[in-house]
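Next come the chains, spelled out residue by residue.
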Amino acid sequence: MPKRVDHDVRRTEIAEALVRVAGRRGLHAVGMRDVAAEAGISLRLVQYYFQTKEKLLLYGLQHLAGGFGERVAARVRAAGDDPGPRAMIEALLMASLPTDEESRTFHLVYTSYAVLAVTDKTLAAQPFMDNPNAAEDTVAGLLHKAKDAGLIGPDVDARAEAISLLAMSAGLGTSILVGQRSPESADTVLGYHLDRLFQGGRND
């Protein structure tokens, strides 16, 4: 009797192979044949699940985003049973910094996809911005909660601060990748800005 294949598992295995190769060589240099070799399967099988390279890249990006969400959730759990808005924002920002091999690969591949999408019309047509927009909405929502609780100043523009914090985190991540600064110094910079933001709230 032929072995039954779990197609979701196989797609995940292929996506993980893509991420591994992209982490070593850069996303621009990865082809479907490379992914097949990394996964230990035939090129035809990769093409069966992902008819085009663009579809494979998008699925790989979604897989990365799922792993990022799991890392954020783990950091939130580590913050205690009832973490406040600041702890949750900090968990999201710190999880995106390339402080280990997994997060380094996430930052490298995610940034590479953004660069490729600028010049590739097929990639640009994919819903690439869904995940960054969701992160922005999450941080803005947490800042609104902090404002309602008096943890930050009443005049804080939650949306503008969310955009600023996420842009800062992305820039710091790139500076870590290229060796400009250490993860510890990036952590200190983010902490400094969160301290500045939250010190405007009530102290009672």
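Scroll up for the structure.
Our subject in this report is the structure included herewith. (Residues numbered from 1 in each chain as written. Predicted model: local features only at pLDDT ≥ 70, side-chain atom pairs only at ≥ 80, totals over all residues. Heavy atoms only, no water.)

Right, let's get into the overall build of the chain. Looking only at helices and strands, one finds 10 helices and 0 strands in the chain. Secondary structure elements of the chain, listed N to C terminal, follow the sequence α-α-α-α-α-α-α-α-α-α. Its C-alpha atoms put the chain at 70 × 40 × 30 Å along the principal axes. When each of the 204 residues of the chain is scored for burial, the buried share is 38%. (Helix = DSSP H or I, 4+ residues; strand = E, 2+ residues; numbered from the N terminus. Buried < 20%, exposed > 50% of the residue type's maximum accessible area, 1.4 Å probe, protein only.)

Before going further, it helps to spend a moment on the packing of helix α5 (residues 85–95) against helix α9 (residues 158–177). As a packed pair, α5 and α9 sit with axes 9 Å apart at the nearest point and diverge in direction by 30°. As summarised for this structure, α5 and α9 are arranged roughly parallel, according to the angle between their axes. Where α5 crosses over α9, the two elements pack in a sense that is right-handed. Packed against α5, whose contacting residues are Ile 89, Leu 92 and Leu 93, the element α9 presents Leu 165, Leu 166 and Ser 169 at the interface. Along the lines of polarity and charge, the residues of the contact of α5 with α9 split into 5 nonpolar, 1 polar and no charged. (Axes fitted to C-alpha atoms, helices over the stretch in contact; angles between N-to-C directions. Parallel < 35°, antiparallel > 145°, perpendicular 65-115°, else oblique. Left-handed = near helix turned anticlockwise from the far one by under 90°. Contact = heavy atoms within 4.5 Å. Nonpolar A, V, L, I, M, F, W, Y, C, P; charged D, E, K, R; others polar.)

Where charged atoms from two side chains of opposite charge approach closely, those side chains can pair. A full pass over the atoms with the stated rule returns 11 salt bridges. Measuring nitrogen to oxygen at the nearest pair gives 3.5 Å for the salt bridge that ties Asp 8 to Arg 11. Of the two residues, Asp 8 and Arg 11 are both situated in helix α1 (residues 7–25); the distance of 3 residues between them amounts to about one turn of the helix. The partner of Glu 13 in a salt bridge is Arg 10, and the shortest N-O contact between them spans 3.4 Å. Here Arg 10 and Glu 13 lie together in helix α1, a separation of 3 residues that amounts to about one turn. Shared partners join several salt bridges into a network, and the residues in it are Arg 20, Arg 24 and Glu 38. (Salt bridge = Lys/Arg side-chain N within 4 Å of Asp/Glu carboxyl O.)

Turning our attention to α9. Between its terminal C-alpha atoms α9 stretches 29 Å, which fits the 28 Å expected from 20 residues at 1.5 Å a residue. Looking at α9, one finds that the buried residues are Ala 158, Glu 161, Ala 162, Leu 165, Leu 166, Ser 169, Leu 172, Gly 173, Ser 175 and Ile 176. Of the residues that open α9, the one with a side-chain oxygen 3.2 Å from the backbone nitrogen of Arg 159 is Asp 157. Gly 179 sits one or two positions beyond α9 and adopts a positive phi of about 85°. (Expected span 1.5 Å × (residues − 1). Polar contact = N/O pair within 3.5 Å; in protein donor to acceptor, adjacent residues only side chain to side chain.)

This part takes up the packing of aromatic side chains. Summed over the entire model, instances satisfying the criterion amount to 4 aromatic pairs. Taking the centre distance of 5.0 Å and the plane angle of 85° together, the rings of Tyr 48 and Tyr 49 count as edge-to-face. According to the relative accessible area criterion, Tyr 48 is exposed, its value standing at 54%. Overall, the relative accessible area of 7% leaves Tyr 49 in the buried class. Pairing Phe 68 with Phe 106 gives two aromatic rings, centres 4.9 Å apart and planes at 10°, and the pair type is stacked. Highlighted residues: Phe 68 in helix α4 (residues 53–78) and Phe 106 in helix α6 (residues 101–119), separated in sequence by 38 residues. Both residues of the pair, Phe 68 and Phe 106, belong to the buried class. One aromatic cluster is present, built from ring pairs that chain together Phe 68, Phe 106 and Tyr 110. Across the ring face of Phe 106, the terminal group of Arg 71 is positioned such that the distance to the ring centre comes to 5.2 Å. (Phe/Tyr/Trp six-rings, centres within 6.5 Å; stacked < 30°, edge-to-face > 60°. Lys NZ or Arg CZ within 6 Å of the ring centre and 35° of its normal.)

Let us look at the layout of surface pockets. Reported here for the second largest pocket is a volume of approximately 200 Å³. Residue lining of the second largest pocket: Glu 16, Val 19, Arg 20, His 63, Leu 64, Gly 67, Glu 70, Arg 71, Glu 102, Thr 105 and Phe 106, and that is the complete set. Across the lining of the second largest pocket, the residue classes tally to 3 nonpolar, 3 polar and 5 charged. (1 Å grid on protein atoms, 1.4 Å probe; cavity = no way out; pocket = protein on both sides within 12 Å on 5 of 7 lines; lining within 4 Å. Points joined across faces, edges and corners; volume = space filled by probe spheres on them.)

A few words on α1. Under the 1.5 Å per step criterion, the end-to-end length of α1 is 27 Å for 19 residues, consistent within 8% with the ideal 27 Å. Every buried residue of α1 is accounted for by Ile 14, Ala 15, Ala 17, Leu 18, Val 19, Val 21, Ala 22 and Gly 23. In this structure, the buried side of α1 is in contact with α2 (32–39), α3 (43–49), α4 and α6.

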